[in-house]
Amino acid sequence: MSDATRLSVFKTYKLYVGGKFPRSESGRVYDVSDSKGKWLANAPLSSRKDARDAVVAARKAFGGWAGATAYNRGQILYRVAEMLEGRRDQFVREVADAEGLSKSKAAAVVDAAIDRWVWYAGWTDKIAQIVGGANPVAGPYFNLSTPEPTGVVTVVAPQDSSFLGLVSVIAPVIATGNTAVVIASEKAPLPALSLGEVLATSDLPGGVVNILSGKASEMGPHLAAHQDVNAIDLTGATEGDLARDLEIAAADNLKRVLRPRTEDFAESPGTDRMTAFLETKTVWHPTGSLGASGSSY
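Parameters at a glance
Residues numbered from 1 in each chain as written. Predicted model: local features only at pLDDT ≥ 70, side-chain atom pairs only at ≥ 80, totals over all residues. Heavy atoms only, no water. Phe/Tyr/Trp six-rings, centres within 6.5 Å; stacked < 30°, edge-to-face > 60°. Helix = DSSP H or I, 4+ residues; strand = E, 2+ residues; numbered from the N terminus. Buried < 20%, exposed > 50% of the residue type's maximum accessible area, 1.4 Å probe, protein only. Axes fitted to C-alpha atoms, helices over the stretch in contact; angles between N-to-C directions. Parallel < 35°, antiparallel > 145°, perpendicular 65-115°, else oblique. Contact = heavy atoms within 4.5 Å. Nonpolar A, V, L, I, M, F, W, Y, C, P; charged D, E, K, R; others polar. Expected span 1.5 Å × (residues − 1). Pairing = 2+ DSSP bridges.

Draft legend 1. Representation of the packing of aromatic side chains in the model. Scanning all chains against the criterion turns up five aromatic pairs. Arranged with centres 4.9 Å apart and planes meeting at 25°, the rings of Phe 91 and Phe 163 form a pair that is stacked. Residue Phe 91 is found in helix α3 (residues 88-99), and its partner Phe 163 is found in the loop between β5 (152-156) and α6 (164-175); the two are separated by 72 residues along the sequence. Across the pair, Phe 163 and Phe 91 agree in class, each one buried. Ring plane angle 90° and centroid distance 5.0 Å describe the contact between Trp 119 and Tyr 120, whose orientation is recorded as edge-to-face. A relative accessible area of 29% places Trp 119 in the partly exposed class.

Right, here's the structure in full:
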């Protein structure tokens, strides 16, 4: 059969929730177009129920992910980079369409996103060394501070940086043991939905990352007010007063809030996105005596 008579096989994009690929429970979709207005695909238009399901999945996964060794989390993040490297051409095409970039510029963005996964993979077992440690106290005690993950984090992904920005806000959240509910870029959700396919085959436990497509203005208020969400990253909440409204809703159960700011995701990210979603646990432990001499350690 010649190529001229072969029908195209269009990709069906789905959500990524709890390690599975559901359609929106509402059955709704919306058109996604490229920078020139050409139709690319139908993306699921997530509902409040989809957001609640994602929180349930994230909470269920939190104990196991937070309890995994930091070294193991680093291995899994590195595996994500490996899998992305194998599907590089697909993501170059999707990013070029989503952001109106040339193939060479899109390739640079995808390469930077892959490198960003590797960068955070290297930090998983090191971040505790720079934000924790032994504290000097006046008394016969050890006083040790250690970082612990905050819990379930809602992430409003950047609207304009559909892939590098997306990776830059997801990776630090999960590198430190949190789980994430991600609202992808509304106008360019396809790279995010394809990332879900990579995460599903990268040894990442189901529910650690959950990716929703649709309107941040529709899902955001429900997630900001959700009592089982512990923190929210408002990076992509740039529409009108959305960031302010979500921060007000988040105050109800004292969520940690990372406010939107001007960022160049191509620059070295530093550690602030990791520390933004860490809590500090301090433990006191009495020192003991060593032998008959009574000396202590």
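Draft legend 2. Highlighting the packing of helix α4 (residues 103-123) against α6. Interhelical geometry of α4 versus α6 gives an angle of 10° and a closest axis separation of 9 Å. On the basis of their axis angle, the class for α4 and α6 is roughly parallel. Between α4, through Val 109, Ala 112, Ala 113, Arg 116, Trp 117 and Tyr 120, and α6, the contact on the second element is made entirely by Leu 164, Val 167, Ser 168, Ile 170, Ala 171, Pro 172, Ile 174 and Ala 175. When its residues are assigned to classes, the contact of α4 with α6 shows 12 nonpolar, one polar and one charged.

Draft legend 3. Unusual backbone geometry, seen in detail. In the Ramachandran plot, Asp 203 falls in the positive-phi region, its phi being about 70° despite a non-glycine side chain. Mapped onto the elements of the fold, Asp 203 is located in the loop between α7 (190-200) and β7 (209-212). Look at Leu 254: it is not a glycine, yet its phi comes out positive at around 55°. You can see Leu 254 is positioned in the loop between α9 (242-250) and β9 (256-258).

Draft legend 4. Quick peek at the environment of Val 169. Looking at where Val 169 falls in the secondary structure, it is placed in helix α6. Distance from Val 169 to Arg 273, taken between C-alpha atoms, is 7.5 Å for residues 104 residues apart in sequence. Those residues in contact with Val 169 that lie beyond four places of it in its chain are Val 155, Ala 157, Pro 158, Asp 233, Thr 235, Phe 265 and Arg 273.

Draft legend 5. Geometry of α6. Given a rise of 1.5 Å per residue, 12 residues ought to cover 16 Å, and the 16 Å separating the end C-alpha atoms of α6 matches this to within 8%. Regarding α6, the residues found buried are Leu 164, Gly 165, Leu 166, Val 167, Ser 168, Val 169, Ile 170, Ala 171, Pro 172, Val 173, Ile 174 and Ala 175. Following α6 by one or two positions, Gly 177 has its phi on the positive side, about 100°.

Draft legend 6. Inspection of the sheet that holds β5 at higher detail. Spatially, five strands are ordered β7-β6-β5-β8-β9 in an open sheet, and the strand pairing comes out parallel. Single-partner strands in this sheet number two, and they are β7 and β9. The mean angle between the axes of side-by-side strands here comes to 15°, regardless of whether they run parallel or antiparallel. Against the sheet, α6 contacts β5, β6 (179-183), β7 and β8 (231-233), and its axis sits at roughly 160° relative to β6. Sheet strands touched by helix α8 (residues 216-225): β5, β6, β7 and β8. Its angle to β6, the strand with the most contacts, is close to 150°.

Draft legend 7. The sheet that holds strand β10 (residues 278-286), seen in detail. Read from one edge to the other, the open sheet built from three strands follows the order β3-β4-β10, with strand pairing classed as antiparallel. With one partner strand each, in any of the chains shown, β3 (133-134) and β10 form the two edges of the open sheet. Here two bridges tie β3 to strand β4 (residues 141-149), and the two strands are oriented antiparallel to one another. Looking across to β4, one finds that Gly 133 is bridged to Ser 145.

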